[in-house]
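# A closer look at the structure
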Amino acid sequence: MQIHKYKAETIGEATARIKKELGPDAIILSSRKLKGKENKNLFEIAAIASSADYLDEASGSYDEVRSELMNIKDMIHILNSSDEITEKIAMKPEAMRIYAKMLKNGINGRYVREFLNRGGAFRDYSPEQGGKVMEATVRAMMENVGIHRLFEEVSGGRKVMALVGTTGVGKTTTIAKMAAQLSLKSRKKVGLISIDNYRIGAMEQLKTYANILGIPCFPAFNRKYLAAALERLKGMDAVLIDTAGQSQYDTRRIEELKNMMTDDLNIQTHLLLSVSTSGDEMERIAANYSPLKFKSFVFTKIDESGKCGSIINLLMKRRLPVSYLTTGQNVPDDIEEATKIRMAKLLFNGN
Ligand SMILES: Nc1nc2c(ncn2[C@@H]2O[C@H](COP(=O)(O)OP(=O)(O)OP(=O)(O)O)[C@@H](O)[C@H]2O)c(=O)[nH]1
Ligand SMILES: [Mg+2]
């Protein structure tokens, strides 16, 4: 294994040379700022051509070494963007690792730097304090994540909730999961209403779940029907309303939905977003659905995306809490109430 050493004024310059000369599989072994007058502003980076070289010769547990190398490999990503911050943390492996991990999970670089800064990653600390910096960085991120317990007060007065979102995001399935959890586990009286008048078979889909659970289910074609259905479900602890999927660009239909669920009906609305949707689209969906005054986000299809950083990118802009996460197609099991711990793991580690 041949170790190559590079000197350059910026880390970015050095990594560019490493990539050019040693190829894309190059691994950075160490980086340090050189001391002495003649070396002012110079960095020295040691690198090898590929991880295979290193693994052949490395002692100790193979898996351990490999995971360490992957961390180092991630660093190449961030070293490529040689900005002021990168230079600041270039000598701090722990901070670099957090930076790389968060970027890799899709969190916007601007936010990662903000969390690192608040977590103290740019201040002086000893290597042993690295773990603390990581914890403080994750805490700084989590200050922006609110949790909304949807059914907390189900016992005191009836709760009426509508799930809204784009087509196929998982509204009907999520309602079935919630209804099953509430009626089977929490022994609550639950009723369902479908105001999906667009898709053929929409009502049948919900009714099938209602029949399995042995709970009432009504269609509502307009506001009058909706008010009547709510009246019939007066004795319930919770009423869940399934709505038709609306394109975020179809503002007319979103308006129609708003006019149907008038304020006097006391319906709380929650917006479903699939984590496999791009960050920009999530933003647009949240913006275009805002007339419905939704109270929380439900993130669906967590199982279909390795990266969940787009969630925090959205929460930084739209400061609303998260209520539920859905993690698969199985009814009723693939649903989780959002908790701070779960969200921290999801945002930091990915799914
Ligand atoms: N992998 C995965 N699939 C899901 C999840 N939630 C729902 N689905 C699937 O997504 C598809 C659409 O789910 P629906 O519940 O019908 O979605 P919808 O929002 O009601 O759709 P429309 O009523 O047509 O707007 C179905 O195949 C579900 O099984 C999830 O958390 N993970
Ligand atoms: Mg549906």
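Within every chain, residues take consecutive numbers counted from 1 along the sequence as written. Written order decides the labels, with chains lettered from A and ligands numbered from 1. pLDDT decides what is reported in this predicted model: residues at 70 or higher carry local features, side-chain atom pairs at 80 or more are listed and counted, and totals for whole chains, interfaces and linings draw on all residues regardless.

## A look at the overall build of the chain
As a reminder, the rule being used: Put simply, DSSP H or I for four residues or longer makes a helix, DSSP E for two residues or longer makes a strand, and each gets a number counted from the N terminus. A residue is called partly exposed when the number of other C-beta atoms within 10 Å of its own lies between 12 and 20, exposed at 12 or fewer, and buried at 20 or more, with C-beta atoms placed from the backbone. In this description, a residue-residue contact is defined by the distance between C-beta atoms placed from the backbone, which must lie within 7 Å.
Along the chain, the regular secondary structure elements total 14 helices and 11 strands. A burial count over the chain gives 36% of its 351 residues as buried. Taking the contacts inside the chain whose residues are at least 6 apart along the sequence as the reference set, 73% of them involve residues at least 24 apart.

## Some details on the packing of helix α5 (residues 93–104) against helix α7 (residues 130–142)
To keep things clear, this is the line we draw: Here an angle of 0 to 180 degrees is reported between the N-to-C directions of two axes, which are lines fitted to C-alpha atoms, with helices fitted over the stretch in contact. Under this scheme an angle from 65 to 115 degrees is roughly perpendicular, one under 35 degrees roughly parallel, and one over 145 degrees roughly antiparallel; angles in between are oblique. Handedness of each helix crossing follows the sense of rotation of the near helix against the far helix: counterclockwise by less than a right angle gives left-handed, clockwise gives right-handed.
One can describe the packing of α5 onto α7 by two numbers: an axis separation of 9 Å at closest approach and a directional angle of 30 degrees. The orientation of α5 relative to α7 falls into the category roughly parallel. Along this stretch, α5 crosses α7, giving a crossing that reads as right-handed. In contact with Glu94, Ala95 and Ile98 of α5, α7 contributes Gly130, Val133, Met134 and Thr137.

## Remarks on the pairing of strand β10 (residues 322–326)
Test applied: Criterion used throughout: strands pair if DSSP finds at least two bridges between them. For the handedness criterion, the strands are oriented away from the viewer, and a crossover whose path from the first strand over the helix to the second runs clockwise is classed as right-handed.
Burial analysis of β10 places five of its five residues in the buried class, which makes it a mostly covered element. The sheet contact formed by strand β9 (residues 296–300) and β10 spans three bridges and is parallel. Pairing of valine 298 across the sheet is with tyrosine 324, part of β10. In this view, the connection linking β9 to its parallel neighbour β10 by way of helix α13 (residues 309–317) has right-handed handedness. With three bridges connecting them, β10 and strand β11 (residues 335–337) associate as antiparallel partners. The residue of β11 that forms the bridge with leucine 325 is glutamate 336.

## Some words on the sheet that holds strand β7 (residues 238–243)
Strand order in the open sheet formed by eight strands is β6-β5-β7-β4-β8-β9-β10-β11, and the pairing between neighbours is mixed. Looking at which strands have only one partner, the edges of the open sheet turn out to be β6 (217–219) and β11. Strand-to-strand twist across the sheet, computed as the mean angle between neighbouring axes with direction ignored, equals 25 degrees. Where helix α10 (residues 223–232) meets the sheet, its contacts fall on β4 (159–164), β5 (190–195), β6 and β7, and the angle it forms with β5 comes to roughly 170 degrees.

## So, α7
Put simply, the rule is: For a helix, the expected span equals 1.5 Å multiplied by the number of residues minus one. Note: the arc covers the axis-to-C-beta directions of the helix.
With 13 residues, α7 should cover 18 Å at 1.5 Å per step; its first-to-last C-alpha distance of 18 Å lies within 8% of that length. Those residues of α7 that sit buried are Val133, Thr137 and Met141. End-on view of α7: buried residues confined to an arc of 75 degrees, all on one side of the axis. Facing away from the buried surface of α7 by more than 90 degrees, the exposed residues are Gly131 and Glu135. Looking at the buried residues of α7, the elements they touch are α5, α6 (109–118), α13 and α14 (340–349).

## What about unusual backbone geometry?
Cis geometry marks the peptide bond from valine 331 to proline 332, where omega comes out at 5 degrees. Along the chain, proline 332 falls in the loop between β10 and β11. We note that arginine 187 has phi near 55 degrees; this positive angle belongs to a residue other than glycine. Note on placement: arginine 187 falls in the loop between α8 (171–185) and β5. Taking the number of C-beta atoms within 10 Å as the measure of exposure, arginine 187 has 8 and is therefore exposed. Even without being glycine, lysine 293 reaches a positive phi, approximately 50 degrees. Assignment of secondary structure puts lysine 293 in the loop between α12 (279–288) and β9.

## So, helix α9 (residues 202–213)
Between the first and last C-alpha of α9 there are 17 Å, a value that for 12 residues agrees with the 16 Å anticipated at 1.5 Å per step. Of all the residues in α9, the buried ones are Ala202, Met203, Leu206, Tyr209 and Ala210. Projected down its long axis, α9 shows its buried positions confined to an angular sector of 130 degrees, all on one face. In α9, the exposed residues that point more than 90 degrees away from the buried face are Glu204 and Asn211. Those residues of α9 hidden inside the fold are in contact with α8, β5, β6 and β7.

## Some words on the site of ligand 1
Stated precisely, the cut-off is as follows: All residues are tested the same way: a C-beta atom is placed from the backbone, and lying within 6 Å of a molecule or strand makes the residue near it. Put simply, Ala, Val, Leu, Ile, Met, Phe, Trp, Tyr, Cys and Pro go in the nonpolar bin, Asp, Glu, Lys and Arg in the charged bin, and everything else, Gly too, in the polar bin.
In the region of ligand 1, 21 residues are neighbours, and Gly170, Thr172, Thr173, Gly245 and Thr326 sit closest. Broken down by element, the residue count for the shell around ligand 1 peaks at three residues, all from α8. Class assignment of the residues belonging to the shell around ligand 1 gives a composition of two nonpolar, 12 polar and seven charged.

## With respect to the nonpolar core
Using the following cut-off: For this entry, the nonpolar core is defined as buried Ala, Val, Leu, Ile, Met, Phe, Trp, Tyr and Cys residues connected by C-beta atoms within 7 Å. Source of the domain bounds: an automatic or database domain assignment.
Ranked by internal contacts, the top residues of the largest apolar core, which has 77 residues, are Tyr99, Ala179, Leu192, Ile193, Val239, Leu240 and Phe299. Sort the elements by how many residues they give to this core and α5 lands first, with six residues. If you count residues domain by domain, this core takes at least three from each of domain 2 (92–143) and domain 3 (159–349). If we skip the residues at most four places from it in the chain, phenylalanine 299 touches Leu273, Val275, Ile311, Val322 and Leu325. Core analysis: the next-biggest nonpolar cluster, separate from the first, contains 10 residues, Ile18, Ala26, Ala47 and Ile48 among them.

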